[in-house]
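What follows is the residue order along each chain.
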Amino acid sequence: MQRDDALAIVEQALKRIEHDLFDSDWAEAKARVGEGVCAHDLARSPAQRRADALVEMARRSGAVGAGARYPEPLFTVFVGYESFAGRICELADGTVLTPGALVRWLSEAWVERVVFESPDRVKNVGVRRRIFEGATRRAVEVRDRECFHEFCELTADDCEIDHVQPWAAGGLTVDDNGRVACGHHNRLRHRPDRPSP
Ligand SMILES: [Zn+2]
């Protein structure tokens, strides 16, 4: 077992016990102080609770009988699909490309996004429309009403509908991925020398 995995297992177990101790401290303080109970009323400091949790973990380990089933650790790991399957970059006819080969086409080409669940099973085919229009546009206008920028109050009538995840990066033209943006803030975002607002 890697050292990081082992630490994560210890950390998880300790947190769970600390959480239990916190709950019981809270219940005790609430019974003593009443509804207005706050963190200052707790009998133990966080450091004391952690130390006690460690002792409790040792006591519980001693109480486990032979042949008992260990709880399975849960790790939540975010990885790109490439980490499992390796990177794919090829045209539909099988011509292999470098990732940068189509960049110069992105401002004018249509991009179709196809998500595969497994090599021969398609899960989702993206929408090919680039521009928000009709009911989709209206849905975003009515929902957002003003430019997305925190300090901008330009109303939807004078704004454009912008892709939250850019079209060129595979963002779909659907209301979930749309937002109201005034011309200024929309352009500002796409200037490569400026960070997104
Ligand atoms: Zn704006």
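These numbers come from a predicted model, not from an experiment.

## Considerations on the overall build of the protein
Of regular secondary structure, the protein possesses five helices and four strands. Ordered by position in the sequence, the α and β elements of the protein form the string α-α-α-β-β-α-β-β-α. Relative to its 197 residues, the protein shows a buried fraction of 21%. A fraction of 49% describes how many contacts in the protein between residues 6 or more apart in sequence connect residues 24 or more apart. When the accessible surface of the protein is summed, it comes to about 15,000 Å², and 55% of that surface belongs to carbon and sulfur atoms.

## Focus: the coordination of the zinc ion
The reference angle at a metal is 109.5 degrees if four donors form a tetrahedron and 90 or 180 degrees if six donors form an octahedron. Taken together, the protein donors to the zinc ion comprise C147 (SG), C152 (SG), C182 (SG) and H185 (ND1), at separations of 2.0 to 2.3 Å. When the donor residues of the zinc ion are listed from N- to C-terminus, their spacing reads C-x4-C-x29-C-x2-H. Remark: C182 occurs in the loop between β4 (178–181) and α5 (183–190) and C147 occurs in the loop between α4 (134–144) and β3 (160–163); sequence separation between them is 35 residues. By relative accessible area, C147 is classed as buried at 5%. Of the residues examined, C182 reaches a relative accessible area of 4% and is grouped as buried.

## Focus: unusual backbone geometry
A positive phi angle, close to 65°, is found at R145, a residue other than glycine. Note that R145 resides in the loop between α4 and β3. You can call R145 exposed: its relative accessible area is 61%.

## Brief notes about the pattern of salt bridges
Two side chains of opposite charge can pair, provided their charged atoms sit close to one another. For the coordinates displayed, the defined rule picks out 15 salt bridges. For R59, the salt bridge is made with E56, and the minimal N-O distance between the two is 2.7 Å. Of this pair, R59 and E56 both sit in helix α2 (residues 46–63), separated by three residues, roughly a single helical turn. On the basis of relative accessibility, which here comes to 56%, the residue R59 falls in the exposed class. A salt bridge links R179 to D162, with the shortest nitrogen-to-oxygen separation between them at 3.4 Å. One end of the pair, R179, is in strand β4; the other, D162, is in strand β3, and 17 residues separate them in sequence. A relative accessible area of 17% places R179 in the buried class.

Thresholds applied
Within every chain, residues take consecutive numbers counted from 1 along the sequence as written. Since the coordinates come from a predicted model, pLDDT governs what is reported: local features require at least 70, and pairs of side-chain atoms require 80 or more to be given and counted, while whole-chain, interface and lining totals use all residues. As a convention, hydrogens and water are excluded, and side-chain values are obtained from all of the structure's heavy atoms. Elements are defined by DSSP. Helices are runs of H or I of four residues or more, strands are runs of E of two residues or more, and each kind is numbered from the N terminus. Categorising residues by exposure relies on relative accessible area from a 1.4 Å probe, with only protein chains included: less than 20% of the type maximum marks a residue as buried, more than 50% marks it as exposed, and the intermediate range marks it as partly exposed. Any two residues whose heavy atoms approach within 4.5 Å are treated as being in contact. All accessibility values rest on the Shrake-Rupley procedure with a 1.4 Å probe; residue burial counts only the protein chains present in the view. Only nitrogen, oxygen and sulfur atoms qualify as donors, provided they sit within 2.8 Å of the metal or within 3.2 Å for Na, K and Ca; with water excluded from the atoms, sites may seem incomplete. Salt bridge, as used here: a side-chain nitrogen of Lys or Arg that lies within 4 Å of a carboxyl oxygen of Asp or Glu.

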